[in-house]
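Residue-level structural notes
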Amino acid sequence: MNVLIIGAGMYVTGRNNTGPGTVLASLCEISKKIPLERVTIAAKNPANQQLVQDRISEINRKIGSDLRADYVTLGEDVDIEISKVNSRGPHHCAIVAIPDHLHYAYTRALLRNKIHCLLVKPFTPTVEEAVDLIKIQEEEGLHGAVELHKRFDESNLYAKRIIEEGVLGQLLYSTVEYSQRITIPLTVFRSWAEKSNIFQYLTVHYVDLIYYLTGFKPVRAMAIGTYGMLKQNGVNTFDSVHATVLWQNPMRPENIMVSQFASNWIDPETTTALSDQKYKVVGTRGRLELDQKHRGVELVTEGRGPEAVNPYFSEFLFHPDTGLSFNGYAYQSIQRFILDIIDIRTDPSRLEYLKDHRPSFRQALVSTAVIEAVNQSLIRQGEWRVIHAKF
Ligand SMILES: NC(=O)c1ccc[n+]([C@@H]2O[C@H](COP(=O)([O-])OP(=O)(O)OC[C@H]3O[C@@H](n4cnc5c(N)ncnc54)[C@H](O)[C@@H]3O)[C@@H](O)[C@H]2O)c1
């Protein structure tokens, strides 16, 4: 299996004290079980070359893997560059981990080179781009999925079972609070934070999760934002975004559920975790609350003070045979994609099944439609926006 990774930033290699990264470490772990003959990492900055090689050696040493990868520096023209990278030997699949506004152009080029794609969230910021990618993917007979890893978190799988069994009764509302440290927009994503916002970059995870848990379809959305720290520090985007989304039960159209999302990316550096996150779902017969930050593991050291650790997301864990392994729900999500590509290569009819049973491009259109409506409402000072996309 030959894998192409587009991007060599925080989510691929881990940077700026944000943890070990997810994509490279996951591929190293996967390579212990599945032969990955060729792995190519392509990004913009030639300085990434050494960093990527150092990071792979470090991970290989830690978990006893033996992954090798080439690094390629990309030029300006996306279509030419992707064809050039692929002509070095075709890649069977790609993992796209670059800033939100670039997802469309790179994924379109990859699909046209007949490469199955896994995109980090958000799928795309606009419905028009998402619909075009779905069209190309289906025409080319390829698998397209979005790395919406909260679907692999066991606490959310428990929530899905409870909701599907009707334990909460008729669903009425849900609330989500999600925030990250200010270093993310000020340092890690400084070059592109203004082209995104906290809802599009982060809260999208929970928009998808509400859809996944309930099967409800979004019909209207509105949002307002606040400015403060980021503008003062030269990054022209909202500190926080507050969105309300109305969802309809497709089985009983009179059943409308309201979800409210409060999100920021200006948490102090001293907060005890990179991500602070919790959600609640309320129905006529019960309430389900999930604290997704406090997983019951706290580490206190002299250097860093208290840390609320989430060992279930994307972590090196003890392993009785290899010393350490890389695991977590983000790892599971990437491994699922690689296994799906192996399945498709032996049985192309599997593609049809994956459309409905994975965070496929088709399913991710739902969260993109909400992002688009929220972004439009933010520009129009909180005006309600109807969601017209066909899901
Ligand atoms: N799923 C998650 O939990 C999660 C976490 C972090 C980031 N992300 C998503 O991953 C994406 C990238 O995030 P990151 O943390 O790696 O960001 P980053 O800013 O750390 O890295 C961005 C990477 O993109 C490359 N890049 C920038 N412009 C490019 C261009 N024009 N052409 C090709 N490559 C280019 C850079 O060289 C860099 O390697 C974003 O869409 C973000 O929303 C997802």
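Residues numbered from 1 in each chain as written. Predicted model: local features only at pLDDT ≥ 70, side-chain atom pairs only at ≥ 80, totals over all residues. Heavy atoms only, no water.

Topic: the sheet that holds strand 17 (residues 385-386)
Taken in spatial order, the seven strands line up as 12-11-7-10-9-8-17 in an open sheet, and their pairing is mixed. Taken across any chain shown, the strands that pair with only one partner, and hence form the sheet edges, are strand 12 (286-291) and strand 17. Summarising the sheet, strand 9 (residues 240-249) and strand 10 (residues 252-267) pair through 10 bridges and their orientation is antiparallel. Of the residues in strand 10, the one forming a bridge with Gln248 is Ile256. Of the strands in this sheet, strand 7 (171-181), strand 11 (275-283) and strand 12 touch helix 7 (residues 154-164), which is tilted by about 170 degrees from strand 12. Contacts between helix 9 (residues 198-214) and the sheet are confined to strand 7, strand 8 (217-226), strand 9, strand 10 and strand 11, with strand 10 contributing the most and set at about 150 degrees to the helix. (Pairing = 2+ DSSP bridges. Helix = DSSP H or I, 4+ residues; strand = E, 2+ residues; numbered from the N terminus. Contact = heavy atoms within 4.5 Å. Axes fitted to C-alpha atoms, helices over the stretch in contact; angles between N-to-C directions.)

Topic: the pattern of salt bridges
The full count for this structure, using the stated rule, is 26 salt bridges. Put simply, Glu138 and Arg362 hold a salt bridge, and the shortest N to O gap is 2.9 Å. With a gap of 224 residues between them, Glu138 in helix 6 (residues 127-140) and Arg362 in helix 13 (residues 361-379) connect regions that are remote in the sequence. The closest approach of N and O atoms between Asp340 and Arg358, which form a salt bridge, is 2.6 Å. Separated by 18 residues along the polypeptide, Asp340 in helix 11 (residues 329-346) and Arg358 in the loop between helix 12 (350-357) and helix 13 bring together distant segments of the chain. By relative accessible area, Asp340 is classed as buried at 1%. Looking at Arg358, the relative accessible area reads 12%, which means it is buried. Several salt bridges share partner residues, and in doing so they unite Glu138, Glu352, Lys355 and Arg362 into one network. (Salt bridge = Lys/Arg side-chain N within 4 Å of Asp/Glu carboxyl O. Buried < 20%, exposed > 50% of the residue type's maximum accessible area, 1.4 Å probe, protein only.)

Some words on the site of the ligand
In the region of the ligand, 26 residues are neighbours, and Ala8, Met10, Asp100, Tyr106 and Trp192 sit closest. Take Lys44: an N or O atom from its main chain is 3.5 Å from an oxygen atom of the ligand. Burial of the ligand by the surrounding chains reaches 87%, relative to a free accessible area of 850 Å². Looking at the shell around the ligand, the elements with two or more residues in it are helix 1 (10-13), helix 5 (103-112) and helix 9. Taken together, the residues of the shell around the ligand sort by class into 16 nonpolar, six polar and four charged. Lining the shell around the ligand are residues from two domains, each supplying at least three of them: domain 1 (2-148 + 326-359) and domain 2 (154-311 + 368-386). (Near = heavy atom within 4 Å. Polar contact = N/O pair within 3.5 Å; in protein donor to acceptor, adjacent residues only side chain to side chain. Areas by Shrake-Rupley, 256 points an atom, 1.4 Å probe, with all protein chains shown as cover. Nonpolar A, V, L, I, M, F, W, Y, C, P; charged D, E, K, R; others polar. Domains from an automatic or database assignment.)

Topic: the packing of helix 7 against helix 9
To characterise two packed helices, one gives the angle between the axes of the helices and the distance between these axes. Axis separation between helix 7 and helix 9 bottoms out at 8 Å; the angle between their running directions is 40 degrees. Put simply, helix 7 runs oblique to helix 9. Of the residues in helix 9, those touching helix 7 at Asn156, Leu157, Ala159, Lys160, Ile163 and Glu164 are Leu209, Tyr212, Leu213 and Thr214. Of the residues that constitute the contact of helix 7 with helix 9, the class distribution is six nonpolar, two polar and two charged. (Parallel < 35°, antiparallel > 145°, perpendicular 65-115°, else oblique.)

Structural notes on the packing of aromatic side chains
Taken as a whole and assessed by the stated rule, the structure comprises 11 aromatic pairs. Aromatic side chains Tyr206 and Tyr279 sit 5.5 Å apart centroid to centroid with 55 degrees between the ring planes, which places their arrangement in the tilted category. One end of the pair, Tyr206, is in helix 9; the other, Tyr279, is in strand 11, with 73 residues separating them in the sequence. For the pair shown, Tyr206 and Tyr279 are each scored as buried. When the centroid spacing of 5.1 Å and the interplanar angle of 65 degrees are considered together, the rings of Phe316 and Phe326 count as edge-to-face. Residue Phe316 is located in strand 15 (residues 315-319), and its partner Phe326 is located in strand 16 (residues 323-327); the two are separated by 10 residues in the primary sequence. When sorted by exposure, Phe316 lands in the same class as Phe326, which is buried. Within the aromatic cluster, the residues linked to one another by ring pairs are Phe189, Trp192, Tyr201 and Trp265. (Phe/Tyr/Trp six-rings, centres within 6.5 Å; stacked < 30°, edge-to-face > 60°.)

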